[in-house]
Amino acid sequence: MNIMKRVAILSLSLVAAVGFSYNGIASAATSGKIVVAGSTALLPLTQQAAKEFKKINPKVSVSVSGSSSIAGPQSVSKGAATIGAVDWDATKEVPGFKAFTDLKAHKVAAIPFATIVNKANPVKNLTTKQLQDIYAGKITNWKEVGGNDAQIVVVNRKHGSGTRVNYQMKALDGAAFMTKGENYKEVGKSGEMVTAVDTNPNALGYVDFAYVKGNIKAVDFNGVAATTENVIKGTYKVWSYGYLVTKGDPTGADAEFIKYIQSGKFQNGSLTKLKFIPIDKMK
Amino acid sequence: MSKIEHLLTNSYEKKISKSTYFQNRLFKFFCLFSVLILGLTLLSIIIFVGRTGLLVFKDVSFQEFFFSTTWEPYDDKFGAAIFILGTLALTGLTLLFAAPISIGVAIFTAEIAPKWLKRIMRPVLDLLVGIPSIVYGYLGLTVLIPLLRDITGATMGDGLLPAAIVLNIMVLPTISRISDDAISSVPSDLREASYALGSTRMQTILKVILPSAAPGLFTAVILGMARSIGETMAVVMVIGNTPQLPSDLLTPTAVLTSNIVNQIIDVEFDSTWNHALYMMAFLLLLISNLLIIIIRKLRVKGA
């Protein structure tokens, strides 16, 4: 008897829960539900934007996640996300990735990328040639580029990362990465890249400016300091536009969200504070 | 007598027993239904993962997938041998450390430790089982790897050794708790008989208790193995994620789980790459099912 009662209550509550959640989905669709997936380079920006957007539109639910750039357009194509964040124009073909012709891309920011080392590392400047040789496995000791006598630990992002695509195109001038080696490892996300360089005094990596803090520092590139001013001036070359992609033209809450990120208030406010660069400042 | 008969024939009582009967039947169907749902779910997982995985052999030869060590999916090279070898090596290495140490812990808690210490050790081991694996992984990444680098002078410290150490700490409580149960359930007659013949404690433990607890100990070790084979989050943080055969234990490499979790989000649906990852998942599924079958067989023997 007792067990039956419990079973009955359990099944009733199960039915109720299913009913409520179904109801929840149905009502959310009318008030707007935004799901952002993709780039971890853009993650600080999309997270901040989501926080502010929710304050203005409390009825809209915004969920933001980051794994890698290619996951952005793919999740939107599959319908798993409504907005994809990607560090390149996904509607056009880039080396290694096909064009997503069913998507619309919206430029939201310029993302500057920095070559990073541990703060304990005395190296201040690296040239395109030096970076090419390090990432190809030809230079393996910091001594050869003006540092301590220690083996260079090369940290790379995995295939599918937009930071990797842009870094390869701009910092390495298109030269190939090595894919294996005694001193080579791959990490999944920007945050993991930071941890890897943070915990190893001989590591070399790259992230966008938003992640440069704590025990890591940005080195100069071809004698130019990695600052947003130098990107705007046009002297620091390692940057790219960041895009939000949607399936066709965005509607409802998605359109509002993208418009909010593109608004002057956000571009000159939080976006600049996070060391991204407003799109209208770039020529 | 007549009073009892009267009670038995009471119609009210009959109703109760009828509804009890109905409820019992209903409950039985509910349980049966749950079991069926569970079986169906399991079966469909195996079929789905297996079918998707086997599609890889349309584009990649059997030989390449299992014996090639070149994993360059963007160049259409899908050799999974590194990950298979890596998984086997990592599991072997883990057990090499974990089995003797955790059986030692089990012997200590079951046979040697005084009662008050037993009362502390058992709950502590249970608590260790409950710690999420990502915590172990993070500690491995931020504490263990720099430590290994300092001790050995290695360049990076990522590789099979830190992964095995992290897994070791994770499976140790599992193996030692189950071994502890197996040792504790050895009948005390055996101990007394052994002591009566004049054996020392060590002789009793090694020659009497361990042999008679052996099936339980094997089960414990295999369960530990099953846990370490499927472990992902902790391993991916310390293994280095480079598809290469390592020359030593502190060279970055990759295993089945770490490679799947790293790439599955970024891979296009219905591509060969996606199928290859599913095939790797299917392999893991087969290995862990095999281990479970071995446990069942051992239990039957032990009983």
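What counts and what doesn't
- Residues numbered from 1 in each chain as written.
- Chains lettered and ligands numbered in written order.
- Predicted model: local features only at pLDDT ≥ 70, side-chain atom pairs only at ≥ 80, totals over all residues.
- Heavy atoms only, no water.
- UniProt positions renumbered as here; feature names shortened; annotations may be inferred.
- Helix = DSSP H or I, 4+ residues; strand = E, 2+ residues; numbered from the N terminus.
- Rg over C-alpha atoms; globule rule 2.2 N^0.38 Å.
- Contact = heavy atoms within 4.5 Å.
- Areas by Shrake-Rupley, 256 points an atom, 1.4 Å probe, with all protein chains shown as cover.
- Buried area = accessible area lost by both parts, 1.4 Å probe.
- Salt bridge = Lys/Arg side-chain N within 4 Å of Asp/Glu carboxyl O.
- Polar contact = N/O pair within 3.5 Å; in protein donor to acceptor, adjacent residues only side chain to side chain.
- Nonpolar A, V, L, I, M, F, W, Y, C, P; charged D, E, K, R; others polar.
- Domains from an automatic or database assignment.
- Phe/Tyr/Trp six-rings, centres within 6.5 Å; stacked < 30°, edge-to-face > 60°.
- Buried < 20%, exposed > 50% of the residue type's maximum accessible area, 1.4 Å probe, protein only.
- Lys NZ or Arg CZ within 6 Å of the ring centre and 35° of its normal.
- Patch = residues over 30% accessible without salt bridge, like charges linked within 9 Å, V, L, I, M, F, W, Y side chains within 5 Å.
- Core = buried A, V, L, I, M, F, W, Y, C linked by side-chain atoms within 4.5 Å.
- Pairing = 2+ DSSP bridges.

Per an unreviewed UniProt entry, chain B carries the name Phosphate transport system permease protein and comes from Psychrobacillus glaciei. Turning to chain B, the UniProt record has this under Subcellular location (unreviewed entry): "Cell membrane". Under Function (unreviewed entry), UniProt gives the following word-for-word description of chain B: "Part of the binding-protein-dependent transport system for phosphate; probably responsible for the translocation of the substrate across the membrane."

Looking up chain A in an unreviewed UniProt entry gives the name Phosphate ABC transporter substrate-binding protein, with the organism given as Psychrobacillus glaciei. Among the UniProt annotations of chain A, the heading Function (unreviewed entry) holds the following wording: "Part of the ABC transporter complex PstSACB involved in phosphate import." Quoted verbatim from the Subcellular location (unreviewed entry) field of UniProt, the annotation for chain A is "Cell membrane".

Caption draft 1: Representation of the overall build of chain B in the model. When helices and strands are counted, chain B shows 12 helices and two strands. When the helices and strands of chain B are read in sequence order from the N terminus, they spell out α-α-α-β-β-α-α-α-α-α-α-α-α-α. The C-alpha radius of gyration of chain B comes to 26 Å, more than 25% above the 19 Å expected for a compact globule of 303 residues. Once the C-alpha set of chain B is aligned to its principal axes, its extents read approximately 90 × 60 × 35 Å.

Caption draft 2: Structural detail: the overall build of chain A. When you go through chain A residue by residue, the secondary structure sums to nine helices and 11 strands. Contacts in chain A between residues far apart in sequence, at least 24 positions, make up 75% of those at least 6 positions apart. For chain A, the exposed area adds up to about 12400 Å²; of that, 57% sits on carbon and sulfur atoms.

Caption draft 3: Representation of the interface of chain B and chain A. In this assembly, 31 residues from chain B lie in contact with 28 residues from chain A. Of all residues in chain B, the largest losses of buried area upon contact with chain A belong to B:Thr155, B:Met156 and B:Asp266, amounting jointly to 22% of the total for that side. Across the chain B-chain A interface, the total number found is three salt bridges. Here B:Asp158 ties to A:Lys185 by a salt bridge, and the two come within 2.7 Å at their closest N and O atoms. In this assembly, chain B and chain A are joined by 11 residue pairs in polar contact (both at pLDDT 80 or more). Sorting the residues of the side of chain B that touches chain A by element identifies α2 (11–54), α6 (133–152) and α11 (256–263) of chain B as the ones contributing at least two each. Looking at the side of chain B that touches chain A residue by residue, the class counts come to 13 nonpolar, 12 polar and six charged.

Caption draft 4: Layout of the domain arrangement of chain B. Residue and element names in this part refer to chain B. The domain boundaries assigned to chain B delineate domain 1 (3–58) and domain 2 (62–302). Taken together, the contact pairs 10 residues of domain 1 with 12 residues of domain 2. The largest share of the area that domain 1 buries against domain 2 comes from Val49, Val56 and Phe57, three residues that together contribute 49% of it. Here domain 1 is connected to domain 2 by zero salt bridges. For the pair domain 1 and domain 2, the number of links is zero residue pairs in polar contact (both at pLDDT 80 or more). Among the residues forming the side of domain 1 that touches domain 2, the class breakdown is seven nonpolar, three polar and no charged.

Caption draft 5: Structural view of the packing of aromatic side chains. All names here are of chain A. Under the criterion given, the structure shown has 21 aromatic pairs over all chains. On the numbers, 6.5 Å between centres and 15 degrees between planes, the contact of Phe177 with Tyr206 is stacked. Taken together, the positions of Phe177 in the loop between α5 (162–170) and β7 (184–187) and Tyr206 in strand β8 (residues 203–208) put the pair 29 residues apart, joining distant regions of the chain. Since its relative accessible area comes to 10%, Phe177 is described here as buried. A cation over a ring is seen here: Lys98 above Phe100, with NZ or CZ 4.9 Å from the ring centre. It is Lys107 that lies over the ring of Tyr241; its NZ or CZ is 4.0 Å from the centre.

Caption draft 6: The arrangement of a nonpolar patch on the surface in detail. All names here are of chain B. Judged by side-chain polarity, Ile131, Ile134, Val135, Leu139, Val143, Met233 and Val261 come together as a nonpolar surface patch covering roughly 510 Å² of accessible area. In terms of residue count, α6 provides more of the nonpolar patch than any other element does, four residues in total. Structurally, Val143 can be placed in helix α6.

Caption draft 7: Structural detail: the UniProt feature "domain: ABC transmembrane type-1" (unreviewed entry) in chain B. Listed under "domain: ABC transmembrane type-1" (unreviewed entry) in the UniProt record, and renumbered for this structure, are residues 84–295 of chain B. This span, residues 84–295 of chain B, is 79% helix and 0% strand, and a straight line between its end C-alpha atoms measures 22 Å.

Caption draft 8: Quick look at the domain arrangement of chain A. All names here are of chain A. Entries for chain A in the domain assignment read domain 1 (22–111 + 240–281) and domain 2 (112–233). Using only C-alpha atoms to locate each centre, domain 1 and domain 2 end up separated by 27 Å. Contacts between domain 1 and domain 2 engage 22 residues on the former and 23 residues on the latter. Both sides together, the interface formed by domain 1 and domain 2 hides about 1700 Å², and carbon and sulfur atoms give 65% of it. On the surface where domain 1 and domain 2 come into contact, there are zero salt bridges.

Caption draft 9: Representation of the side chain of A:Thr163. Mapping A:Thr163 onto the fold places it in helix α5. Among all residues touching A:Thr163, those that are not within four sequence positions of it are A:Ala41, A:Asp87, A:Phe113, A:Arg157, A:Tyr206 and A:Val207.

Caption draft 10: Structural context of the nonpolar core. Residue and element names in this part refer to chain A. With 89 residues, the main nonpolar core has Ile34, Leu131, Tyr135, Tyr167, Leu204, Tyr236 and Phe257 as its most contacted residues. At nine residues, the largest contribution of residues to this core is made by strand β4 (residues 103–118). Of the domains in this structure, domain 1 (22–111 + 240–281) and domain 2 (112–233) are the two that each give at least three residues to this core. In contact with Phe257, not counting residues within four places along its chain, are Ile34, Val36, Thr46, Ala49, Ala50, Phe53, Val62 and Ile83.

Caption draft 11: Structural view of the pairing of strand β3 (residues 83–86) of chain A. Residues and elements named next belong to chain A. Neither face of β3 is open: one carries Ile83 and Ala85, the other Gly84 and Val86, and all of them are buried. Judged from the three bridges that link them, strand β1 (residues 33–38) and β3 form a sheet pairing that is parallel. The residue bridging Val36 from the neighbouring strand is Ile83, located in β3. Across three bridges, the pairing between β3 and strand β11 (residues 239–247) is antiparallel. Note that in β11 the partner of Val86 across the bridge is Tyr243.

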